[in-house]
Every structure is written in structure tokens, then in C-alpha cells.
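# Residue-level structure breakdown
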Amino acid sequence: MSSWAPTKYKTTNWPSYNTALKQRGSLSIWFDPGLNWAVPDFSTLCRRQRTLDVRLPYSGGTGPLNLLIDSTGMKAEGEGEWNARKHGGSKRRIWRKIHIGIDEETLEVRAVEVTSSNIGDAPMLPELLNQIPPDQDIEMVTADGAYNTRKCHDAIAARNAHAVIPPRKNAKPCKPTSAGAIARNEAVNASRYLGRALWRRWSGYHRRSRVESKMNCIKLLGQSLMVRDFDRQAAEIQIRIAVLNRYTALGIPITKPAG
DNA sequence: ACTTCCTCCGTTTTGCGACA
DNA sequence: TGTCGCAAAACGGAGGAAGT
């Protein structure tokens with residue numbers, strides 16, 4: 001007979017969040033913000049999360065949007081190989097892919113998509129652009145070489161935006177049958193003429209590093225996802241990003257060289 | 001030293017009855 | 001019918017015991 005007993009939660013008539021934390025018993029510290037909030041049961045929260053519609057808060061920039069796009073993987077469940085063997089090798093490490101587009105001016109996330117890990121980056125770019133309201137002007141879309149496809153260029157051209165996507169090393173101009181193809185050819189020619197390194201400086205491609213630091217911020221809120229089902233995982237990521245946008249809207253640091 | 005297995009326990013998900 | 005709260009099940013990570 002073990003000494004283990006399931007944690008008892010007394011959830012009826014929680015008068016406040018404080019009491020909720022106290023009654024869980026496992027927390028040695030608790031907070032007293034002087035609030036008297038009723039707290040839904042955790043089973044209710046869990047159920048609601050599956051169909052939660054998260055809207056990203058956005059404080060708004062001043063001019064046309066400069067969108068920076070990138071993606072990253074996030075661990076979802078079942079980390080160890082140990083578990084894989086325990087459950088007969090069927091359970092592998094599961095990853096989710098987060099695709100985001102941020103506003104270069106305000107550094108707020110404007111578009112987010114969550115996919116399984118086997119989905120490529122390029123197909124998601126049009127989806128991200130769709131999340132930007134049609135009446136908002138987009139001036140520029142900056143993304144890495146993985147997005148260098150015809151469909152991406154077409155989607156960007158359809159929004160009358162300028163694409164900053166590095167061409168491949170031996171990229172050749174293709175038939176200029178669409179606005180996207182023409183834009184791609186311009187980048188190929190410019191890159192040939194200037195050289196790839198100079199093209200990066202000339203095109204301002206370096207600004208893309210900002211979206212990478214935003215990805216880092218998302219991971220600072222936790223390296224892996226807590227919930228287990230895909231819909232809830234998407235909601236969890238969207239909630240994180242909504243929280244980050246609130247932080248970002250409070251103010252961003254301005255870094256200057258010393259002296 | 002290393003791997004494998006097991007226990008503990010916090011966290012998430014589901015079953016089910018109550019209630020509007 | 002849909003949602004809620006409670007109880008129980010399921011999941012997964014930490015870490016230690018046992019085996020090699």
C-alpha cells in the first residue's frame with residue numbers, strides 16, 4: 001500500500017482565485033491581488049480550449065505593413081525514446097510547427113498558423129497573408145529561402161507587396177507569366193548582378209532576424225506544449241502569442257551603441 | 001557506467017449526472 | 001440541448017531501484 005493519494009480539489013463555490021490556489025494544497029506560495037474572481041473548473045477550461053477562437057490583439061502601426069515571416073518547431077508530447085519503447089515504438093516524438101508573420105514596425109505578431117511538423121513552410125505563406133485584413137496595405141514581405149516558390153511570390157504579388165526572399169544559388173529566371181514570376185525574376189537578376197551577400201544588404205534582408213527573436217520569445221513562455229490534442233495545441237500557441245502581443249504593446253526596448 | 005523498469009504525482013482529459 | 005462541476009482515468013516527466 002503506497003502513501004500516494006490523488007490530489008483532492010474542492011471546487012464548489014470557489015470564492016476567489018486565492019482560495020482555489022490554497023485548496024490545491026500543493027502550492028506553498030499564493031497571491032493576494034485583492035481580486036474576487038470566480039474561477040471556472042479546470043475541466044471547463046480544458047473543454048473550452050478545444051474550440052477557443054483567439055483574436056490577436058494589435059495596437060496598430062503607422063504606415064503600410066512590412067511583414068516578416070518565419071517558422072519554428074515546438075515539442076508537443078512524448079519526449080523520450082523510453083516511452084516509445086514502452087508503448088511498442090508507435091509513439092514517436094511529436095512536433096508542431098508554428099508559422100508567424102510579424103509587423104516590422106511594432107514587432108507584434110499579425111498572423112499565426114499551427115501545423116503538424118511534416119507541412120512545409122512555403123504552403124503556409126499565403127495562409128498567413130490571408131490573415132491580414134484585405135484593406136490593409138502590405139509594402140514588403142520578408143522571408144527566408146524556404147519560401148522561394150512560385151506560389152509564395154504570386155500570393156505576395158496579389159497583395160501588391162514587394163517580396164524580399166533570397167533566390168537560390170543558381171536560380172534562373174523563369175517565364176514571366178505572372179506577377180509573382182516577374183517579381184521572382186527581378187530578385188534573381190538583382191542577386192546575380194550584386195552577388196548574394198550584397199543583395200542581402202541591399203534588400204534589407206537582415207531585418208528578418210527580428211522574427212527569429214520573436215520565435216525565441218514564444219519559446220521563453222515554455223519549451224513545450226501542455227495540451228495533448230491538436231485543436232487545443234493550436235489554441236495554446238495562439239494564447240501565448242496573444243499574451244506576447246500585449247507585452248510588446250507595452251513597449252519595446254531601443255538598443256543603442258555605447259558612447 | 002549504463003540501461004531498463006517502476007513509482008510517484010502534477011496536469012490534462014473524459015464520463016456522467018445535474019441543471020438551465 | 002448545451003454547459004457545468006465533480007470524480008476518475010489517462011498521460012507524461014522526474015528520479016530512483018534493479019538489472020547487466
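Think of each chain on its own: its residues are numbered from 1, step by step along the sequence as written. Chains and ligands are labelled by the order in which they are written, letters from A for the one and numbers from 1 for the other. Per-residue local features are limited, in this predicted model, to residues with pLDDT of at least 70; the limit for side-chain atom pairs, both in listing and counting, is 80 or more; totals at the level of whole chains, interfaces and linings are taken over all residues. Excluded from the side-chain calculation are hydrogens and water; included are all heavy atoms of the structure.

The name given to chain A in an unreviewed UniProt entry is IS5 family transposase, with Sediminimonas qiaohouensis as the source organism.

### Overview of the overall build of chain A
Strands here are runs of E lasting at least two residues and helices are runs of H or I lasting at least four, both read from the DSSP assignment and numbered beginning at the N terminus. When helices and strands are counted, chain A shows nine helices and five strands. Secondary structure of chain A in N-to-C order comes out as α-α-β-α-β-β-α-β-α-β-α-α-α-α. We call a residue buried when its accessible area falls under 20% of the maximum for its residue type, exposed when it is over 50%, and partly exposed in between, using a 1.4 Å probe and counting protein chains only. Counting only residues that meet the buried cut, chain A has 38% of its 259 residues in that class. Residue contacts are defined here by distance: any two heavy atoms, one from each residue, within 4.5 Å place the two residues in contact. Of all intrachain contacts in chain A linking residues separated by at least 6 positions in sequence, the fraction that spans at least 24 positions is 57%. Roughly 16,300 Å² of accessible area belongs to chain A as shown, and the carbon and sulfur atoms make up 53% of that amount. All accessible-area figures derive from a Shrake-Rupley calculation using a 1.4 Å probe, and residue coverage is judged against the displayed protein chains alone.

### Considerations on the nonpolar core
Only buried Ala, Val, Leu, Ile, Met, Phe, Trp, Tyr and Cys residues count toward a nonpolar core, and they belong to the same one when joined by side-chain atoms within 4.5 Å. Ile69, Leu125, Leu129, Val141 and Ile156 are the most contacted members of the largest nonpolar core, which has 19 residues in total. Mapped by element, the contributors of at least two residues to this core are strand E1 (65-77), helix H4 (124-130), strand E4 (138-142) and helix H5 (150-158). The contact partners of Leu125, leaving out residues within four places of it in the chain, are Ile69, Val141, Ala143, Tyr147, Cys152, Ala155 and Ile156. Counting residues in each nonpolar core, the second largest holds 17 residues, with Leu68, Met74, Val109 and Ile237 among its members.

### Let's talk about a nonpolar patch on the surface
On the surface, Leu52, Leu221, Ile239, Val243, Tyr247 and Leu250 cluster together into a nonpolar patch covering about 560 Å² of accessible area. For Tyr247, the position within the fold is in helix H9 (residues 230-250). Nonpolar side chains (Val, Leu, Ile, Met, Phe, Trp, Tyr) are joined into patches within 5 Å and like charges within 9 Å, using only residues with over 30% relative accessible area and no salt bridge. One side-chain nitrogen of Lys or Arg within 4 Å of one carboxyl oxygen of Asp or Glu is enough to make a salt bridge.

### Examining the pairing of E4
Of all five residues in E4, four are buried, a share of seventy percent or more. Two elements, E4 and strand E5 (residues 162-164), share three bridges in a ladder whose sense is parallel. From the neighbouring strand, Met140 faces E5, where its bridge partner is His162. Pairing between strands requires that DSSP locate at least two bridges from one strand to the other.

### Comments concerning the pattern of salt bridges
All chains considered together, the criterion is met by nine salt bridges. For Arg208, the salt bridge identified is with Glu212, shortest N-O distance 2.5 Å. Here Arg208 falls in the buried class, since its relative accessible area comes to 11%.

### Focus: the packing of H5 against helix H6 (residues 179-194)
Remark: H5 packs on H6, axes separated minimally by 7 Å, with the N-to-C direction vectors making an angle of 105 degrees. In this view, H5 runs roughly perpendicular relative to H6, as classed from their interaxial angle. Here Arg150, His153, Asp154 and Ala157 of H5 lie close against H6, whose contacting residues are Ala179, Gly180, Ala181, Ala183 and Arg184. Each axis is a line fitted through C-alpha atoms, taken for helices only over the stretch in contact, and angles between the N-to-C directions span 0 to 180 degrees. Note that the term roughly parallel is reserved for angles under 35 degrees, roughly antiparallel for angles over 145, roughly perpendicular for angles of 65 to 115, and oblique for everything else.

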